[in-house]
Amino acid sequence: QDAFSGPDEPVSRLQQVEALRVPDDALFPVSPLWRLRCCTDRAKQHLYDATCIKTGVILTDVSQGVSDALVGQDYLGTATTFNGIAKWELINRGEPAEGALWAHAESRWDYGSTGPEELGTNSLGSAIGTADTFSRYDVAFVLRNLYWRQGSLDAAWVYRIGKITPDAMLAQSEYLDPLSTFLPSGGTGPFAIALPDSGLGIAGGVHLTDRLVLGGLVSDANGDRFSFGDLGAGDYFKAIELQARIWPRTADAPYSKVTFWHTDGTQDGQPLNGQLGPEGWGFYVVHQQELTCDGRAIGILRYGRSYGGSAAYEQQAGAHFVLNEPRIFARFKSDAIGTAFNWAKLPVPGTRDEYDFEVFYRFPLFPELDTTLSYQSVFSPALTRDIDHASVLSLRLRTTF
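None of these values were measured; they are calculated from a predicted model. (Residues numbered from 1 in each chain as written. Predicted model: local features only at pLDDT ≥ 70, side-chain atom pairs only at ≥ 80, totals over all residues. Heavy atoms only, no water.)

**Side note on the nonpolar core**
Here is a general trend for soluble globular proteins: nonpolar side chains tend to be buried in one another's company.
Thought 1: Core analysis: the biggest nonpolar cluster contains 42 residues, and Trp102, Leu170, Ile193, Leu217, Phe237, Trp261 and Tyr313 have the highest contact counts within it.
Thought 2: Only α1 (10–18), β3 (99–110), β7 (212–220), β8 (236–244), β10 (280–290), β11 (297–307) and β13 (336–345) provide two or more residues apiece to this core.
Thought 3: At three residues, the largest contribution of residues to this core is made by β13.
Thought 4: Each residue touching phenylalanine 237, except ones within four places of it in the same chain, is listed here: Leu170, Ile193, Ala194, Pro196, Leu217, Val218, Ser219, Ala221, Trp261, His262 and Thr263. (Core = buried A, V, L, I, M, F, W, Y, C linked by side-chain atoms within 4.5 Å. Buried < 20%, exposed > 50% of the residue type's maximum accessible area, 1.4 Å probe, protein only. Helix = DSSP H or I, 4+ residues; strand = E, 2+ residues; numbered from the N terminus. Contact = heavy atoms within 4.5 Å.)

Shown next, in the form of structure tokens:
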């Protein structure tokens, strides 16, 4: 990990692919995918031995239903997200100052007219959303990240330069991940920051001590995941982030974070990703705390504030709790349960403050397949007055190769 490895960042995604799978840590110890997994593992090892390139794939599917919907909108939706990651180790391989070229491609498709992400916005009029990332792309694959990364926690410094994704790097928590924990955009993403889309930029961090990190980021405010943006327009997004382990109880304690940011706004003043278009600034605070001596229970508090009407949310707050290995079933060693409360206020006159409650349980159905059951309760959707409350049920399946 390093200063900017959020759960959706390529470094973290590749670590998730490489995580050890134990056959007896699943409801069914024999998987229908194990032959395919063995073949891909061998092929990946041969590729690495020949080229020093590591690869990984994550496939995640979400099926979701809502209890209420606006007139003419769907009640059900299913979509799949593909993440492909590649790391080419070029210098100082295996050392703290290792340098590598990273690439991350993403594809999204749905099955019908509406994906789960669109159920939140179109069917419920929700600003917090119901399933981040699970909606269709009109193109087959999108190059989200392509950058040079050098350094590590052991080196006490790290930097990236190239096409980066700020919304996967700033004010992040490994416990807020739409592929493995909470689902709503407002429950995982810090969208009280006017986050630009994937684009050209540079990010770096210095580990001042084993408990204190200082990082910074500059990227193209006109970044576009479907292209390389327009760096020549001179519109930039800048951020500085201080990270600290405040009361660590284990060696793997998560960092709390304070982020200050400013955006020049988009070139044409139109919304783009987490930006509404105007110039603005703001701050975001994330406090993460281990609640038990073994680090299995984690509490997370978040609050963000934006100014100038520049971010998707004027204010955002959330309280999250995650318990790893809850021991509901004694044999599981990689299951988790979580609950969250989210609130968002939009910088748009006439919209309501929106509230969202969520609970999930994730467990390994097979050694290669994680399954999540999720319930959300959405109150006062911000983008409509026709729905005051709705329930949302979700089933998520995730596998890696």
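**Re the side chain of asparagine 222**
Thought 1: Relative to the helices and strands, asparagine 222 is located in the loop between β7 and β8.
Thought 2: Exposure remark for asparagine 222: the relative accessible area of 9% places this residue in the buried category.
Thought 3: Beyond its immediate sequence surroundings of up to four residues, asparagine 222 is in contact with Gly229, Asp230, Ala233, Asp235, Thr266, Gln267 and Leu272.

**Some points on the environment of serine 185**
Thought 1: Tracing the backbone shows serine 185 in helix α4 (residues 185–188).
Thought 2: A residue is classified by how much of its surface remains accessible, and serine 185, at 12% relative accessible area, is buried.
Thought 3: As a C-alpha pair, serine 185 and alanine 131 span 54 residues in sequence and 6.4 Å in three-dimensional space.
Thought 4: Other than its neighbours up to four places away in sequence, serine 185 contacts Glu117, Ile128, Asp132 and Phe191.
Thought 5: A distance of 3.2 Å separates a polar atom in the side chain of serine 185 from a polar atom in the side chain of aspartate 132. (Polar contact = N/O pair within 3.5 Å; in protein donor to acceptor, adjacent residues only side chain to side chain.)

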